[in-house]
Amino acid sequence: MTGTARKALAEAIATFLFVLAIIAAVNSESPLTPLAIGFTLAVLVFSTGHISGAHLNPAVSVGVFLRGGLTVTDFIAYLVAQFVGGALAALTSFAVWPAGAEAKVVEIGPAFFVEALFTLILVWVVLNTATSKDTDGNSFYGLAIGGTVFVGAATVGSISGGGFNPAVALGLSVGGYFDWASLWLYIVAPVTGAVIAALLFRVLNSDDAKKIGA
């Protein structure tokens, strides 16, 4: 398998594993849940990055697309793969854990702000550690990306649930952990943050606007 199909399948598999691990961590009720989620993302980024770039997140794909790092075809394929992977993970989780007992209800203003802010930080980190020509070939990008999600989950998870990822939000909605009425927020806020991060990257890296793809 080569090309777009290979990359999209890698995105679907890795997003599936990520969302399933998140559901497992949430059900463990461990105080280390944010750390487990961050480390899971880190290892999946390291293990999938050479195939697809390991976005595992539609907001990240938006950011990479806007910085010139994805073709339109790959961008659409990535979004479909990530959402499918997240939803299938939630459905699979029912084989082990029951649906969430009570969906998280958030206060719209604060939740939107922190989701947009931490997704901005996440996409900023991805663009500068995993796509920039100035950091090409580094060995720390996975830890930087996973560490960002850990910090977000640990600091503002109580406000928004710590989504920062529309595919994760879809999976957690299917699983009964997020309120379906708030799904729009978990899509619009992260995409808003991703767009801002991509614009900032292009402003500060005008010589690196089209490093990946064509």
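Structure: above.
Since we're looking at a predicted model, the values are computed, not measured.

Judged by nonpolar contacts, the single largest core of 46 residues is most densely connected at F18, L41, L56, I145 and L172. For this core, the secondary-structure elements that each account for two or more residues are α1 (3–28), α2 (33–52), α3 (58–66), α4 (72–93), α5 (108–131), α6 (141–160), α7 (166–174) and α8 (183–204). Contacts of F18, omitting those with residues within four sequence positions, involve I37, T40, L41, L44, L56, N165 and V168.

Taken as a whole and assessed by the stated rule, the structure comprises five aromatic pairs. When the ring of F46 is compared with that of Y141, the centres are 5.2 Å apart and the planes differ by 70°; the resulting orientation is edge-to-face. Within this pair, whereas F46 is found in helix α2, its partner Y141 is found in helix α6, the two being separated by 95 residues in sequence. The class of F46 is partly exposed, set by a relative accessible area of 34%. Ring geometry for F112 and W184: centres 6.3 Å apart, planes at 35°, overall tilted. Taken together, the residues span a long stretch of sequence, with F112 in helix α5 and W184 in helix α8 at a distance of 72 residues. For F112, a relative accessible area of 25% corresponds to the partly exposed category. Take W184: its relative accessible area is 41%, and that puts it in the partly exposed class.

Taken as a whole, this structure holds four salt bridges when the rule is applied. Residue D134 pairs with K133 through a salt bridge whose shortest N-O separation is 3.4 Å. Where salt bridges share partners, they join K133, D134 and D207 into one cluster.

A word on a nonpolar patch on the surface. Together, L32, L35, F39, F46, L143, F150 and V151 make up a nonpolar patch on the protein surface, roughly 610 Å² of accessible area in all. Breaking the nonpolar patch down by element, the ones donating at least two residues are α2 and α6.

This paragraph deals with the side chain of T129. Relative to the elements of secondary structure, T129 occurs in helix α5. Classification of T129 by relative accessible area gives buried; the value is 12%.

What follows concerns the side chain of H55. Inspection of the secondary structure puts H55 in the loop between α2 and α3. At 2.9 Å, the side chain of H55 forms a polar contact with the side chain of S61. Discounting chain neighbours no more than four positions away, the residues touching H55 are E11, V60, S61, V64, L70, Y78 and Q82.

Further remarks concern the packing of α3 against α4. For any two helices packed against each other, the geometry is given by the interaxial angle and the distance between the axes. At a minimum axis separation of 9 Å, α3 and α4 run at an interaxial angle of 170°. One finds that α3 runs roughly antiparallel with respect to α4. Here P58, S61, V62 and F65 of α3 come into contact with α4, specifically with V72, F75, Y78, L79, Q82 and F83. Considered class by class, the residues forming the contact of α3 with α4 number eight nonpolar, two polar and no charged.

On to α1. Between its terminal C-alpha atoms α1 stretches 38 Å, which fits the 38 Å expected from 26 residues at 1.5 Å a residue. Listed as buried for α1 are A8, A10, E11, A12, A14, T15, F18, V19, I22, I23 and A25. The inward-facing, buried residues of α1 contact α2, α4 and α7.

As a further point, take unusual backbone geometry. Unusually for a residue other than glycine, E29 sits at a positive phi of about 55°. Inspection of the secondary structure assignment puts E29 in the loop between α1 and α2. Positive phi, close to 60°, is recorded for L56, a residue that is not glycine. Relative to the helices and strands, L56 resides in the loop between α2 and α3.

Here is what the cut-offs are and how they apply
- Residues numbered from 1 in each chain as written.
- Predicted model: local features only at pLDDT ≥ 70, side-chain atom pairs only at ≥ 80, totals over all residues.
- Heavy atoms only, no water.
- Core = buried A, V, L, I, M, F, W, Y, C linked by side-chain atoms within 4.5 Å.
- Buried < 20%, exposed > 50% of the residue type's maximum accessible area, 1.4 Å probe, protein only.
- Helix = DSSP H or I, 4+ residues; strand = E, 2+ residues; numbered from the N terminus.
- Contact = heavy atoms within 4.5 Å.
- Phe/Tyr/Trp six-rings, centres within 6.5 Å; stacked < 30°, edge-to-face > 60°.
- Salt bridge = Lys/Arg side-chain N within 4 Å of Asp/Glu carboxyl O.
- Patch = residues over 30% accessible without salt bridge, like charges linked within 9 Å, V, L, I, M, F, W, Y side chains within 5 Å.
- Areas by Shrake-Rupley, 256 points an atom, 1.4 Å probe, with all protein chains shown as cover.
- Polar contact = N/O pair within 3.5 Å; in protein donor to acceptor, adjacent residues only side chain to side chain.
- Axes fitted to C-alpha atoms, helices over the stretch in contact; angles between N-to-C directions.
- Parallel < 35°, antiparallel > 145°, perpendicular 65-115°, else oblique.
- Nonpolar A, V, L, I, M, F, W, Y, C, P; charged D, E, K, R; others polar.
- Expected span 1.5 Å × (residues − 1).

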